[in-house]
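Listed below are the residues making up each chain.
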Amino acid sequence: MTSALSRRAFLPPRGSEVIKPSQTPLGAALSQQTSVGATGMATTATESAMDEESFAQVDKYLYHMRLSDETLLEVSQRFEKEMEKGLGADTNPTASVKMLPTFVRSTPDGTEDGDFLALDLGGTNFRVLRVKVSDNGLRKVEMENQIYAIPEELMRGSGVQLFDHIAECLANFLDKLQIKDKKLPLGFTFSFPCHQTKLDESILVTWTKGFKCSSVEGRDVVSLLRKSIKKRGDFDIDIVAVVNDTVGTMMTCGYDDQNCEVGLIVGTGTNACYMEEMRHIDLVEGDEGRMCINMEWGAFGDDGVLNDIRTEFDREIDMGSLNPGKQLFEKMISGMYMGELVRLILVKMAKEGLLFGGRLTPDLLTRGHFETRFVSAIEKEKEGLQKAHEILSKLGLEPSHEDCVATLRICQIVSTRSAALCGATLAAMLRRIRDNKGGDRLRSTVGVDGSVYKKHPHFARRLHKTVRKLLPDCEIRFIRSEDGSGKGAAMVTAVAYRLAAQHQARQKILEPLKLSHEQLLEVKERMRREMEKGLGKETHAEATVKMLPTYVCSTPDGTEKGDFLALDLGGTNFRVLLVRVRNGMRRGVEMHNKIYSIPVEIMQGTGEELFDHIVHCISDFLEYMGMKGVSLPLGFTFSFPCQQNNLDEGILLKWTKGFKATGCEGEDVVGLLKEAIHRREEFDLDVVAVVNDTVGTMMTCGYEDPYCEVGLIVGTGSNACYMEEMRNVELVEGDEGRMCVNMEWGAFGDSGCLDDIRTEFDVAVDELSLNPGKQRYEKMISGMYLGEIVRNILMDFTKKGLLFRGRISERLKTRGIFETKFLSQIESDCLALLQVRSILQHLGLESTCDDSIIVKEVCTVVARRAAQLCGAGMAAVVDKIRENRGLDFLKVTVGVDGTLYKLHPHFSTVLQETVKELSPKCEVTFLQSEDGSGKGAALITAVACRIREAGQR
């Protein structure tokens, strides 16, 4: 260890050699006591001076037990390193602080409810309890219990006999309460060193506390108990959880204070537990959520890290103990050793003639004769010195007033060190919890149990003070546990029951959103049937999937060249682009663009106003590019449902996306644009093609990959297009060649053919949308609606008390609040639940760690279904192309665009997997489009110009 600390630990505090008691951390408390003599008589000024002398002498003698703030900080930092070791898979085997996973994943939330049994086995007696937890707004816990003895011979007999005895006592208890016919859940507090592998499986490592039952070590105690119960056959019980008393303490306090995430015991022994992030627990699979870690911190220092602050007395205690070299930290702190430490100091000081006039008595020399409760008694205000006199006299000594004062001081130093060390390690845990949560401050509660904490007059205060000193910016509350080992086990069980019941209820709600392979195949078949309807002349009118001809009959071949303008209108923003297409050696596309906004009053005004605004923006762009007066071919991306009768003619069927400009529906948008250009009389443009963004996407990718014959958009909305054989496009004359068909597939299902897979949440989202009953498929798969589906599910969960502790915030009731981008963020793999919580916080939702996991799961289910449904539609398209061409196997590329596809962490993967499963005879490559609606429109124009020129030639 660092020699600096070694020196520091053994030096008297800086400054003078001798410290006056009133300057010591506890000086004030002492001065009250030293004014009363051992006999209770008031002391003289001379005696007071002598008292100070005695104090100073003890302080000097025990200066290495009085730890400075620097030393405590150092201990705290070392303990943090030990925690890290215990959590790491590679370092755990050699770590002294074992950091055992308990499989308790959640603390109480106050909504626990029901009737539970608890069994508490941790010594020569054991208890059976019945714990009734009721949540009727009053949150109360009623308990009945019975104590049973375990005879000496059973403690040393066989394991079977022990567990048969426990089962018999259980039967007796159930009989008494007349509940033998009920199958109640039971929590089992088993306070022996165990290796836990599940919440209800605990393998005994070694017996302690005088137990020696054969053939139990190395076996699961739950299955041994289950066997004994089964053998009787007169009652049945559901053993849900095995816990140790520290975890029980945390859970008991957690029921009263939901901020409680730490359990601490300082009694005969000492231990602590706390809620750790799963991502840091290497010994257990999974990264989501939290789990309670049973630290077994008594063994801190067993690897030598505390050697520089252990004193000769600590070494002597350890040598004389039942387990030398083990539990060294516990031996410096806990009740089992505190009195013994004081005794060893008294003996040594007496031997050196510093106390009792050098006299020793057989009692003082006997191990264990100075009990820890004596330390508490001597440190009591007012009567402490009198108690010291009594206790020392009982040990056969004849103590002087100075001896009593010195003994009081020794007790103070030993118990203060104990509280300070305990505070240092506790501060390390709390610091870790704070860092896990990513904040600068922490509000947390520690549940505490144990005789030293509860009965020593100053221990708790000194412990709190140390924690405050080491963590000045954290607000830590301490609450005393009432019966952690009994009620605590029932609480763990109640929480496990609540979680299981809630999980089941949530799964039942989510079940309809999880589609089977058969259901997806069925969706694919139905899409195929709808496509046929849309293509047929007779059936087109009633078809929901409109299969509109686009008059785009060729994809790029690489010889296109020239300068083209493109307009892109598909939402509240609108772009003008200049696209330079080069061929030959310098083949490529160079683009310049400018974005303009469309004010709401223009979106909802007249058609003339809208198109005049568009032309005004084109004029501004040409001026900006220094190209005023130049006449260029123009491609117009118009992303609204249109019926095309020619490449340069698109009749607007209906406005969507919040547009309401009058005098446009049923009109040719190219005509409206040309009229507006004439009205301005500034420039002339050759409008060659009107296209929708899906076709643009296919063309952009087609420029990169000659196999690209399908376009797909999954963003705010969703649509697809593909190259269909002319002979199948019955709405257009001619059978030769191919034409791109704009499917307008968002309306799939509007005929009711998807009703069997639509859920109550889809119906709710649809009913409150701007176009109820329309675009049903789109509403199940596109970005505009997924967040809203998630919000509806979260509302349902919360109403049923399965989320956010049943509290619905006003924000959660607000439509559209849960944006789809949050889905992408929440499902991002690198995102810890911490960030999920901050997203929820931003939405005004106070969430626990468990809530975050649930929200993430809902997002996953909704997005996965969207990707699968989209994949089923796409499978129908590629299979149709394959069959059109009479191929056994088709290699095809799909050009894709859209925020959902591009930004969601799993959407694209699930989509691709689904297409692969549903269309095994197609090898489908997905290529992300870069700017399909802008560049795509220009490329369609370029292809059209190429074909036009070839025709003229």
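Quick caveat, the model's predicted, so the values are computed rather than measured.

**Description of the overall build of the protein**
Each helix and strand counted, the protein has 31 helices and 26 strands in total. In terms of overall size, the protein is more extended than a compact globule, its C-alpha atoms giving a radius of gyration of 39 Å where 953 residues would be expected to give roughly 30 Å. In terms of overall dimensions, the protein has C-alpha extents of about 125 × 70 × 50 Å along its principal axes. A fraction of 71% describes how many contacts in the protein between residues 6 or more apart in sequence connect residues 24 or more apart. Between the centroid of the 119 positive side chains of the protein and the centroid of its 139 negative side chains there is a distance of 5 Å.

**With respect to the sheet that holds strand β24 (residues 738-742)**
Spatially, the six strands line up as an open sheet ordered β14-β24-β23-β22-β25-β26, and their pairing is mixed. Pairing within the sheet leaves two strands with one partner each, and these edge strands are β14 (548-549) and β26 (922-928). The pairing of strand β23 (residues 718-725) with β24 spans five bridges and is antiparallel. Bridging from a neighbouring strand, E724 pairs with M739 of β24.

**Thoughts on helix α30 (residues 907-918)**
Helix length check: α30 (12 residues) gives 17 Å between terminal C-alpha atoms against 16 Å at 1.5 Å per residue, within 8%. Tucked into the core, α30 has its buried residues touching α18 (517-535), β22 (708-714), α24 (776-781), α28 (849-884), α29 (899-903) and β26.

**A closer look at the packing of helix α17 (residues 487-510) against α28**
Packing of α17 against α28 brings their axes to within 12 Å, and their N-to-C directions diverge by 20°. With respect to each other, α17 and α28 are oriented roughly parallel. The hand of the α17/α28 crossing is right-handed. Contact residues: α17 offers L499, R506, Q507 and L510, while α28 offers D850, I854, E857, V858 and V861.

**Brief notes about the sheet that holds strand β2 (residues 114-121)**
The sheet built from five strands is open, its strands ordered β4-β3-β2-β5-β8 with mixed pairing. Both outer strands of the open sheet, β4 (140-149) and β8 (237-243), are each paired with one neighbouring strand and no more. Neighbour-to-neighbour, the strand axes of the sheet open up by a mean angle of 20°, direction not taken into account. Judged from the 10 bridges that link them, strand β3 (residues 125-134) and β4 form a sheet pairing that is antiparallel. Counted as the bridge partner of V133 is V141 from β4. Packed onto the sheet, helix α7 (residues 221-232) meets β2, β5 (184-190) and β8 and runs at close to 155° relative to β8.

**Some points on the nonpolar core**
Core analysis: the biggest nonpolar cluster contains 119 residues, and M295 and L426 have the highest contact counts within it. Ranked by residues supplied to this core, first place goes to helix α14 (residues 401-437) with 19 residues. When near neighbours in sequence (up to four residues on either side) are disregarded, L426 contacts V262, L264, W297, V446, L463, V467 and F478.

**Structural notes on the pattern of salt bridges**
Scanning the model with the defined rule gives 77 salt bridges in all. A salt bridge links E261 to R290; its shortest N-O distance comes to 2.8 Å. Highlighted residues: E261 in strand β9 (residues 260-266) and R290 in strand β11 (residues 290-294), separated in sequence by 29 residues. Comparing E261 with R290, the two get one shared label, buried. Among the salt bridges present, the one from E725 reaches R727, with a minimum N-O distance of 3.7 Å. On the basis of relative accessible area, E725 is assigned to the buried category, the value being 9%.

**A closer look at the confidence of the model for the protein**
Residues of the protein with pLDDT of at least 70 account for 94%, and the chain-wide mean is 88. Low pLDDT, under 50, characterises residues 1-43; the predicted model gives this stretch 87 contacts beyond four residues in sequence or across chains.

**Thoughts on the packing of aromatic side chains**
Counted under the stated rule, the structure contains 25 aromatic pairs. Ring centres 5.7 Å apart and planes at 85° place the aromatic pair W297 and F329 in the edge-to-face group. Here the residue W297 occupies a position in the loop between β11 and α9 (312-319), and F329 occupies one in helix α10 (residues 328-333), the gap between them amounting to 32 residues. Residue classification places W297 among the buried positions, given a relative accessible area of 0%. Plain terms: the ring middles of F621 and Y624 are 6.3 Å apart, the flat faces sit at 40° to each other, and that makes the pair tilted. Highlighted residues: F621 and Y624, both in helix α20 (residues 607-624), separated by three residues, approximately one helical turn. Using a relative accessible area of 0% as the deciding quantity, one classes F621 as buried. By relative accessible area, Y624 is classed as exposed at 54%.

What counts and how
Residues numbered from 1 in each chain as written. Predicted model: local features only at pLDDT ≥ 70, side-chain atom pairs only at ≥ 80, totals over all residues. Heavy atoms only, no water. Helix = DSSP H or I, 4+ residues; strand = E, 2+ residues; numbered from the N terminus. Rg over C-alpha atoms; globule rule 2.2 N^0.38 Å. Contact = heavy atoms within 4.5 Å. Lys, Arg positive; Asp, Glu negative; His and termini not counted. Charge placed at Lys NZ, Arg CZ, Asp CG, Glu CD. Pairing = 2+ DSSP bridges. Expected span 1.5 Å × (residues − 1). Axes fitted to C-alpha atoms, helices over the stretch in contact; angles between N-to-C directions. Parallel < 35°, antiparallel > 145°, perpendicular 65-115°, else oblique. Left-handed = near helix turned anticlockwise from the far one by under 90°. Core = buried A, V, L, I, M, F, W, Y, C linked by side-chain atoms within 4.5 Å. Buried < 20%, exposed > 50% of the residue type's maximum accessible area, 1.4 Å probe, protein only. Salt bridge = Lys/Arg side-chain N within 4 Å of Asp/Glu carboxyl O. pLDDT = per-residue confidence, 0-100. Phe/Tyr/Trp six-rings, centres within 6.5 Å; stacked < 30°, edge-to-face > 60°.

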